[in-house]
Amino acid sequence: NAEVNGLDLEVIGGDAAREFKELEGLDALVVDPPRSGLAPDLIQNIGRMAPRVVVYVSCDPMTWARDVARFNDEKYELAWAKPFDLFPQTYHVETLSLFRRA
(Lines give C-alpha, C1' and ligand atoms only; values in the text may rest on other atoms or scores of the structure.)
Protein backbone atom coordinates (compact mmCIF):
# COMPACT_ATOMS: atom_id res chain seq x y z
CA ASN A 1 0.00 0.00 0.00
CA ALA A 2 2.80 2.44 0.78
CA GLU A 3 4.35 1.95 -2.66
CA VAL A 4 1.01 2.19 -4.47
CA ASN A 5 0.25 5.44 -2.61
CA GLY A 6 3.71 6.94 -3.09
CA LEU A 7 4.61 7.00 0.60
CA ASP A 8 8.16 7.03 1.91
CA LEU A 9 7.71 4.53 4.72
CA GLU A 10 10.08 2.56 6.89
CA VAL A 11 8.63 -0.24 9.03
CA ILE A 12 10.54 -1.16 12.17
CA GLY A 13 9.20 -4.09 14.14
CA GLY A 14 10.31 -4.98 17.64
CA ASP A 15 10.05 -4.13 21.29
CA ALA A 16 9.47 -0.39 21.64
CA ALA A 17 11.73 -0.12 24.70
CA ARG A 18 14.68 -1.27 22.58
CA GLU A 19 13.76 0.27 19.23
CA PHE A 20 12.98 3.80 20.50
CA LYS A 21 16.58 4.36 21.53
CA GLU A 22 17.59 4.24 17.85
CA LEU A 23 14.80 6.42 16.46
CA GLU A 24 14.64 10.15 15.89
CA GLY A 25 13.11 12.55 13.41
CA LEU A 26 9.85 10.65 13.01
CA ASP A 27 6.86 12.18 11.23
CA ALA A 28 4.45 9.50 12.42
CA LEU A 29 4.49 6.51 14.72
CA VAL A 30 2.19 3.47 14.98
CA VAL A 31 2.11 1.59 18.29
CA ASP A 32 0.23 -1.62 19.09
CA PRO A 33 1.03 -2.45 22.72
CA PRO A 34 -0.03 -5.50 24.73
CA ARG A 35 -3.10 -5.38 27.00
CA SER A 36 -1.04 -3.66 29.67
CA GLY A 37 -0.68 -0.62 27.38
CA LEU A 38 2.44 1.46 26.92
CA ALA A 39 4.88 1.90 29.78
CA PRO A 40 4.96 5.50 31.09
CA ASP A 41 8.60 5.97 30.08
CA LEU A 42 7.76 4.92 26.50
CA ILE A 43 5.08 7.60 26.28
CA GLN A 44 7.60 10.13 27.62
CA ASN A 45 10.10 8.96 24.98
CA ILE A 46 7.46 9.44 22.30
CA GLY A 47 6.95 12.96 23.64
CA ARG A 48 10.69 13.63 23.36
CA MET A 49 10.83 12.25 19.80
CA ALA A 50 7.82 14.48 18.99
CA PRO A 51 6.33 12.80 15.91
CA ARG A 52 3.50 14.90 14.44
CA VAL A 53 1.02 12.03 14.76
CA VAL A 54 0.77 8.79 16.72
CA VAL A 55 -1.59 6.00 15.73
CA TYR A 56 -2.42 3.83 18.73
CA VAL A 57 -4.00 0.38 18.40
CA SER A 58 -5.39 -0.78 21.73
CA CYS A 59 -6.91 -4.06 22.83
CA ASP A 60 -7.93 -2.90 26.32
CA PRO A 61 -10.23 0.11 26.93
CA MET A 62 -8.95 0.64 30.49
CA THR A 63 -5.27 0.89 29.58
CA TRP A 64 -6.19 2.89 26.47
CA ALA A 65 -7.97 5.49 28.65
CA ARG A 66 -4.97 5.66 30.98
CA ASP A 67 -2.60 6.13 28.03
CA VAL A 68 -4.81 8.87 26.52
CA ALA A 69 -4.20 10.89 29.69
CA ARG A 70 -0.46 10.18 29.52
CA PHE A 71 -0.31 11.28 25.88
CA ASN A 72 -2.11 14.45 26.91
CA ASP A 73 0.65 15.08 29.47
CA GLU A 74 3.15 14.84 26.59
CA LYS A 75 1.30 17.51 24.57
CA TYR A 76 -0.66 15.16 22.31
CA GLU A 77 -4.37 15.59 21.75
CA LEU A 78 -6.72 12.79 20.84
CA ALA A 79 -8.00 13.65 17.35
CA TRP A 80 -10.32 10.65 17.03
CA ALA A 81 -10.91 7.12 18.23
CA LYS A 82 -12.91 4.26 16.74
CA PRO A 83 -13.78 1.04 18.56
CA PHE A 84 -13.91 -2.24 16.66
CA ASP A 85 -15.73 -5.33 17.88
CA LEU A 86 -13.45 -7.93 16.32
CA PHE A 87 -14.45 -10.60 18.82
CA PRO A 88 -18.27 -10.64 18.91
CA GLN A 89 -19.96 -12.10 21.97
CA THR A 90 -16.93 -11.27 24.16
CA TYR A 91 -15.94 -8.23 26.20
CA HIS A 92 -12.85 -7.61 24.02
CA VAL A 93 -12.85 -4.35 22.07
CA GLU A 94 -10.08 -3.02 19.84
CA THR A 95 -9.68 0.75 19.59
CA LEU A 96 -7.87 2.60 16.83
CA SER A 97 -6.98 6.18 17.72
CA LEU A 98 -5.05 9.09 16.30
CA PHE A 99 -3.11 11.58 18.42
CA ARG A 100 -1.78 14.87 17.06
CA ARG A 101 1.01 16.93 18.55
CA ALA A 102 -0.61 19.96 20.18
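As a reminder, the structure under discussion sits directly above these lines.
In this report, the structure presented in the accompanying data block is examined. Worth saying up front: this structure is predicted, and the values here are computed from it rather than measured.

## Quick notes on the pattern of salt bridges
Taken as a whole and assessed by the stated rule, the structure comprises two salt bridges. Two residues, Arg66 and Asp67, come together in a salt bridge whose shortest N-O distance is 3.0 Å. Each of the salt bridges in this network shares a partner with another, and the network as a whole consists of Arg66, Asp67 and Arg70.

## Concerning the sheet that holds strand β3 (residues 76–84)
With mixed pairing, the four strands of this open sheet are ordered in space as β1-β2-β4-β3. Where the open sheet ends on each side, the last strands, each with one partner, are β1 (28–31) and β3. Looking at each pair of strands side by side, their axes are set apart by 15 degrees on average, direction ignored. As paired strands, strand β2 (residues 53–58) and strand β4 (residues 94–101) are joined by six bridges and run antiparallel to one another. In the strand pairing of β4, Val55 is matched with Leu98. Its contacts with the sheet place helix α3 (residues 61–73) against β2, β3 and β4, and it is angled at close to 165 degrees to β2.

## Let's talk about the nonpolar core
Membership of the largest hydrophobic core comes to 15 residues, with the highest contact counts inside it found for Val31, Leu38, Ile46, Val54, Tyr56, Phe71 and Phe99. Residue assignment for this core shows that the elements contributing at least two residues are β1, α2 (40–49), β2 and α3. Considering every element that reaches this core, the biggest residue donor is α2, with four residues.

## Observations concerning the pairing of β2
Both β1 and β2 contribute to a ladder of four bridges, which runs parallel. When the sheet's bridge partners are listed, Val31 is paired in β2 with Tyr56. Crossover connection from β1 via α2 to parallel β2: handedness right-handed.

## Focus: the packing of aromatic side chains
This model, assessed by the stated rule, comprises four aromatic pairs. Ring centres of Tyr56 and Phe99 lie 6.4 Å apart, and the angle between their planes is 65 degrees; this geometry places the pair in the edge-to-face category. Here Tyr56, found in strand β2, pairs with Phe99, found in strand β4; they are 43 residues apart in sequence, far enough to count as distant. Classification of Phe99 by relative accessible area gives buried; the value is 1%. Through a chain of ring-to-ring contacts, the aromatic side chains of Tyr56, Phe71, Tyr76 and Phe99 assemble into a single cluster. The ring of Phe84 carries Lys82 above its face, with NZ or CZ at 5.8 Å from the centroid.

Basis of the calculations
Residues numbered from 1 in each chain as written. Predicted model: local features only at pLDDT ≥ 70, side-chain atom pairs only at ≥ 80, totals over all residues. Heavy atoms only, no water. Salt bridge = Lys/Arg side-chain N within 4 Å of Asp/Glu carboxyl O. Pairing = 2+ DSSP bridges. Helix = DSSP H or I, 4+ residues; strand = E, 2+ residues; numbered from the N terminus. Axes fitted to C-alpha atoms, helices over the stretch in contact; angles between N-to-C directions. Contact = heavy atoms within 4.5 Å. Core = buried A, V, L, I, M, F, W, Y, C linked by side-chain atoms within 4.5 Å. Buried < 20%, exposed > 50% of the residue type's maximum accessible area, 1.4 Å probe, protein only. Right-handed = clockwise from strand over helix to strand, strands pointing away. Phe/Tyr/Trp six-rings, centres within 6.5 Å; stacked < 30°, edge-to-face > 60°. Lys NZ or Arg CZ within 6 Å of the ring centre and 35° of its normal.

Function cannot be read off these values alone, since they describe shape.
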